[in-house]
Amino acid sequence: MTQVSGDADDRIRFVWNLAKAEKNIREHKVSFEDATFVFDDPFLLEEDDVFAEGEYRVIAIGRVEEFVLIIVYSTPEEQLYRLISARLATAEERRTYERQLFHP
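None of these values were measured; they are calculated from a predicted model. (Residues numbered from 1 in each chain as written. Predicted model: local features only at pLDDT ≥ 70, side-chain atom pairs only at ≥ 80, totals over all residues. Heavy atoms only, no water.)

This paragraph deals with a nonpolar patch on the surface. Taken together, the side chains of Phe-43, Leu-101 and Phe-102 make up a nonpolar region of the molecular surface, amounting to roughly 320 Å² of accessible area. With respect to the helices, strands and loops of the structure, Phe-102 is situated in helix H3 (residues 91-102). Taking the relative accessible area as the measure of exposure, Phe-102 reaches 63% and is therefore exposed. (Patch = residues over 30% accessible without salt bridge, like charges linked within 9 Å, V, L, I, M, F, W, Y side chains within 5 Å. Areas by Shrake-Rupley, 256 points an atom, 1.4 Å probe, with all protein chains shown as cover. Salt bridge = Lys/Arg side-chain N within 4 Å of Asp/Glu carboxyl O. Helix = DSSP H or I, 4+ residues; strand = E, 2+ residues; numbered from the N terminus. Buried < 20%, exposed > 50% of the residue type's maximum accessible area, 1.4 Å probe, protein only.)

Following this line, the structure appears as structure tokens:
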């Protein structure tokens, strides 16, 4: 079962597995709904991840309010983002994000 977030006017739509989303909240204390706001960060960093489980995945790091988050997602269709995981960034990941703010 999946959940889709966004409406017809949104440029990006999000989809995720409901059981995985509930597990993510329990394990990482970050909801996929909240994680979608990372894509509003103008300083969002994205890098290709490994080809995993039959698909190409992307790792994104960005700010949502006062938190820096790490998100893993894939794009099975244009403008459709399938969220796989979301968590708070580690100290090193936050430093990587903050360095690019001052040294783009």
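Picking up where we left off.
As a further point, take the confidence of the model for the protein chain. Residues of the protein chain with pLDDT of at least 70 account for 89%, and the chain-wide mean is 86. Looking at the elements of the protein chain, mean pLDDT is at its lowest for strand S1 (residues 2-5), recorded as 50, and at its highest for helix H1 (residues 18-28), recorded as 96. (pLDDT = per-residue confidence, 0-100.)

Moving on, we get to the nonpolar core. By size, the foremost hydrophobic cluster in this structure holds 19 residues, and its most contacted members are Phe-14, Phe-39, Ile-71, Tyr-73 and Leu-83. Going through the elements one at a time, strand S2 (13-17), helix H2 (32-35), strand S4 (55-64), strand S5 (67-77) and strand S6 (80-88) are the ones with two or more residues in this core. Dropping the residues within four chain positions of it, Ile-71 is found in contact with Ala-35, Val-38, Val-58, Ile-59, Ala-60, Leu-83, Ser-85 and Ala-86. Judged by nonpolar contacts, the second largest core, of five residues, contains Ile-61, Val-68, Ala-89 and Tyr-97. (Core = buried A, V, L, I, M, F, W, Y, C linked by side-chain atoms within 4.5 Å. Contact = heavy atoms within 4.5 Å.)

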